[in-house]
Amino acid sequence: MPPTPTLLRRALTASAGRAPWSAGPLRDTLFVSAGAALSVPVWTAVLVPKLLFPMLGLVLLSLGLLSAAQRSRVRVLRGVEIPRRARDGRGPLRRLRSPAARRQAGYHLVAAPLLAVGAALVLYGWGVGLVLATVYGWEWLMPPGSRVHADNWLVPQEVLVTLAGLVLLAVVPHAAGRLAGLDERVTRAMLGPNRAEQLERRVEDLAESRAGVVDAADAERRRIERDLHDGAQQRLTSLAMNLGLARRTLKDVPPEAMQVIVDAHEEAQAAIAELRDLIRGLHPVVLEDRGLDAALSGIAARAPLPVRLDVQVPPGIAPTVEAVAYFTVSEALTNVAKHARASRVDLSVRGRGDRLRITVTDDGVGGADPAGGTGLTGLRKRAASVDGTLAVHSPLGGPTTITVELPCVL
């Protein structure tokens, strides 16, 4: 089947992109030539045996600098960013034990010198092709009477040499492109992170992203709490005060009107109480004003059953972690009051190293199951939002112990 016009157009476009005068082959040649220049120490060691060990030692001690230069070459000339591996605090020789350093050493001692040979062949091909393709020009520049000067322009040997040069100039751009692509792939594979390092970096990025989302959500809750506290709550309080003042001072109004004022006053007071509970559920003011210890004391005081509190909070806990600890304790006490049929609760909050350990123990009936829809699933998700853990020990007959561990700093 004859080629379609579209296929012919694509073939012509590809050929034009690989033409010797186009920017692509020249950029590819510059790319592989820059890589060959960075392999000079290795080839010096190969060609001058006396310098073998000094040059190899220099390369091994300069792995970081050479790798950074190769990454810059790929970024500037190919537009590809190769992530650098995490900085290792060990010495240069001990650092060679890591897989990443061994890959770098293999690249600079083996792969890069072999690619440099290919780059030298490409440069040689450019030079030979240009010389052969312009043989008539060289002869024309020679003075008359010279042995090189030709009077007959159709000498078969010169025609063949010119054709060979043109063919070489047509082949070298494709060879430069293939070598540049191979160079880029090898550099990315040996100087970039491997699969395990990519996954580790991805996990770190996701952890940072999750911490940012949690911090943003906590900041938004704080903003909503401030807006409600300084806006809606103040207005409702002012309305309740005015209605209370009217209720006490207006004596000559009809009973029906007074009943309306009384009902409105009571509704305003109920709305204020509900709004305060809502604000406390968003972000308790006492947590910012007096810290986690005072906030947990307030929860224990409002609990419908006796709570024995033991709090030793270390300094420097992240505000987001304090908020998670506060709401975790609040939800845990609510679950105990609803489901455990307990008569008392022991609450312990202590810092252990860089972890905050929360233990809630009740003397209830036990049998709590995180998969049973008793609120423990929500507690586990809240702890997991800051990379914390939750464990439940609740045999039938009790007691039930809920242990939550949270990082002190995100």
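Keep in mind it's a predicted model, so treat the numbers as computed, not measured.

## What about the pattern of salt bridges?
Link 1 in the chain: A full pass over the atoms with the stated rule returns ten salt bridges.
Link 2 in the chain: What you see here is one network of salt bridges that share partners, running through Asp28, Arg78, Glu184 and Arg188.

## Let's talk about unusual backbone geometry
A negative phi angle is the norm for most residues apart from glycine, just as the trans form is the norm for most peptide bonds.
Link 1 in the chain: Within the chain, Arg341 stands out as a residue other than glycine whose phi angle is a positive 55 degrees.
Link 2 in the chain: When you line up the elements, Arg341 lands in the loop between α14 (319–340) and β2 (345–352).
Link 3 in the chain: Classification of Arg341 by relative accessible area gives exposed; the value is 68%.
Link 4 in the chain: Although it is not a glycine, Asp387 sits at a positive phi angle of roughly 65 degrees.
Link 5 in the chain: Mapped onto the fold, Asp387 is located in the loop between α15 (376–384) and β4 (389–393).

## Looking at the sheet that holds strand β1 (residues 307–312)
The strands making up a sheet associate through hydrogen bonds between their backbones, and the pairing can be parallel or antiparallel.
Link 1 in the chain: Here we have five strands laid out as an open sheet, ordered β1-β2-β3-β5-β4, and mixed in their pairing. The open sheet has two free edges, formed respectively by β1 and β4, since each of these has just one partner strand. This sheet shows a mean twist of 10 degrees between the axes of neighbouring strands, independent of strand direction.
Link 2 in the chain: Looking at chain direction, β2 and strand β3 (residues 355–362) are connected through eight bridges and run antiparallel. Following the sheet pairing, Arg352 is matched in β3 by Arg355.
Link 3 in the chain: Docked against the sheet, helix α13 (residues 292–302) engages β1, β2 and β3, running at close to 175 degrees with respect to β1.
Link 4 in the chain: Of the strands in this sheet, β1, β2, β3 and β5 (400–407) touch α14, which is tilted by about 10 degrees from β3.

## Brief notes about a negative patch on the surface
Link 1 in the chain: Taken together, the side chains of Glu200, Glu204, Asp205 and Glu208 present a region of like negative charge at the surface.
Link 2 in the chain: Its place among the elements puts Glu204 in helix α10 (residues 195–249).

## Here we look at the UniProt feature "transmembrane region" (unreviewed entry) in the chain
Link 1 in the chain: Mapped onto this numbering, the UniProt entry gives "transmembrane region" (unreviewed entry) at residues 51–69, 105–138 and 158–180.
Link 2 in the chain: Helix makes up 89% of residues 51–69 and strand 0%, with an end-to-end C-alpha separation of 23 Å.
Link 3 in the chain: Structurally, residues 105–138 comprises 97% helix and 0% strand, and the distance from its first C-alpha atom to its last is 46 Å.

## A word on helix α5 (residues 63–78)
Helical periodicity: at 3.6 residues per turn, an α-helix aligns residues three or four positions apart in one direction.
Link 1 in the chain: Between the first and last C-alpha of α5 there are 22 Å, a value that for 16 residues agrees with the 22 Å anticipated at 1.5 Å per step.
Link 2 in the chain: Among all positions in α5, only Leu63, Leu66, Ser67, Gln70, Arg71, Arg73, Val74 and Leu77 are buried. Mapping the buried residues of α5 onto a view down its axis gives an arc of 155 degrees, with all of them on the same face. α5 presents Gly64, Leu65 and Val76 as exposed residues on the side facing more than 90 degrees away from its buried surface.
Link 3 in the chain: Looking at the packing, one finds that the buried side of α5 touches α2 (23–37), α4 (52–61), α7 (99–133) and α9 (156–191).
Link 4 in the chain: At the exit of α5 stands Gly79, carrying a positive phi of roughly 70 degrees.

## Focus: the packing of aromatic side chains
Link 1 in the chain: On inspection of all chains with the given rule, the structure shows one aromatic pair.
Link 2 in the chain: Relative to Phe327, the ring of Tyr326 lies with its centre 5.3 Å away and its plane at 85 degrees, an arrangement referred to as edge-to-face.
Link 3 in the chain: We classify Tyr326 as buried; its relative accessible area is 3%.
Link 4 in the chain: Note that Arg73 overlies the ring of Phe31, its terminal NZ or CZ placed 4.3 Å from the centroid.
Link 5 in the chain: Directly above the aromatic system of Phe31 lies the positively charged group of Arg78, at a separation of 5.3 Å from the ring centroid.

## Details of the pairing of β4
One face of the sheet, then the other: side chains in a regular strand alternate in exactly this way.
Link 1 in the chain: Summarising the sheet, β4 and β5 pair through five bridges and their orientation is antiparallel. Its bridge partner lying in β5, Ala391 is registered against Thr403.

## Here we look at the side chain of Thr400
Link 1 in the chain: As for its position among the elements, Thr400 is in strand β5.
Link 2 in the chain: Within the local environment of Thr400, its side chain forms a polar contact with the side chain of Ser394, the two groups lying 2.7 Å apart.
Link 3 in the chain: Excluding anything up to four places from it in sequence, Thr400 contacts Val360, Thr361, Asp362, Gly366, Ala368, His393 and Ser394.

## Thoughts on the confidence of the model for the chain
Link 1 in the chain: Mean pLDDT for the chain: 80, with 81% of residues reaching 70 or above.
Link 2 in the chain: Between the elements of the chain, mean pLDDT differs from a low of 48, seen in helix α1 (residues 5–17), to a high of 91, seen in β3.

## Digging into the nonpolar core
Link 1 in the chain: Residues Leu356, Ile358, Val360 and Leu406 are the most contacted members of the largest nonpolar core, which totals 39 residues.
Link 2 in the chain: Elements represented by at least two residues in this core include exactly α13, β1, α14, β2, β3, α15 and β5.
Link 3 in the chain: Among the elements that line this core, the one with the most residues is α14, at eleven residues.
Link 4 in the chain: Apart from residues no more than four positions distant in its own chain, Leu356 is found in contact with Leu292, Pro314, Ile317, Ala325, Val349, Arg350, Gly351, Val404, Glu405, Leu406 and Cys408.

## Quick word on the packing of helix α3 (residues 40–47) against α4
Link 1 in the chain: Where α3 contacts α4, the axes come no closer than 8 Å and their chain directions differ by 160 degrees. Judged on the interaxial angle alone, α4 and α3 are roughly antiparallel. Once α3 is placed against α4, the crossing between them reads as left-handed. Contact residues: α3 offers Pro41, Val42, Thr44 and Ala45, while α4 offers Leu52, Met55 and Val59.

## Looking at the packing of α7 against α9
Link 1 in the chain: Axis separation between α7 and α9 bottoms out at 8 Å; the angle between their running directions is 165 degrees. In terms of orientation, α7 and α9 fall into the roughly antiparallel class. As for the relative orientation of α7 and α9, their crossing is left-handed in sense.
Link 2 in the chain: Taken together, the residues of the contact of α7 with α9 break down into 23 nonpolar, nine polar and two charged.

Criteria and thresholds
Residues numbered from 1 in each chain as written. Predicted model: local features only at pLDDT ≥ 70, side-chain atom pairs only at ≥ 80, totals over all residues. Heavy atoms only, no water. Salt bridge = Lys/Arg side-chain N within 4 Å of Asp/Glu carboxyl O. Helix = DSSP H or I, 4+ residues; strand = E, 2+ residues; numbered from the N terminus. Buried < 20%, exposed > 50% of the residue type's maximum accessible area, 1.4 Å probe, protein only. Pairing = 2+ DSSP bridges. Axes fitted to C-alpha atoms, helices over the stretch in contact; angles between N-to-C directions. Contact = heavy atoms within 4.5 Å. Patch = residues over 30% accessible without salt bridge, like charges linked within 9 Å, V, L, I, M, F, W, Y side chains within 5 Å. Areas by Shrake-Rupley, 256 points an atom, 1.4 Å probe, with all protein chains shown as cover. Lys, Arg positive; Asp, Glu negative; His and termini not counted. Charge placed at Lys NZ, Arg CZ, Asp CG, Glu CD. UniProt positions renumbered as here; feature names shortened; annotations may be inferred. Expected span 1.5 Å × (residues − 1). Arc of directions from axis to C-beta. Phe/Tyr/Trp six-rings, centres within 6.5 Å; stacked < 30°, edge-to-face > 60°. Lys NZ or Arg CZ within 6 Å of the ring centre and 35° of its normal. Polar contact = N/O pair within 3.5 Å; in protein donor to acceptor, adjacent residues only side chain to side chain. pLDDT = per-residue confidence, 0-100. Core = buried A, V, L, I, M, F, W, Y, C linked by side-chain atoms within 4.5 Å. Parallel < 35°, antiparallel > 145°, perpendicular 65-115°, else oblique. Left-handed = near helix turned anticlockwise from the far one by under 90°. Nonpolar A, V, L, I, M, F, W, Y, C, P; charged D, E, K, R; others polar.

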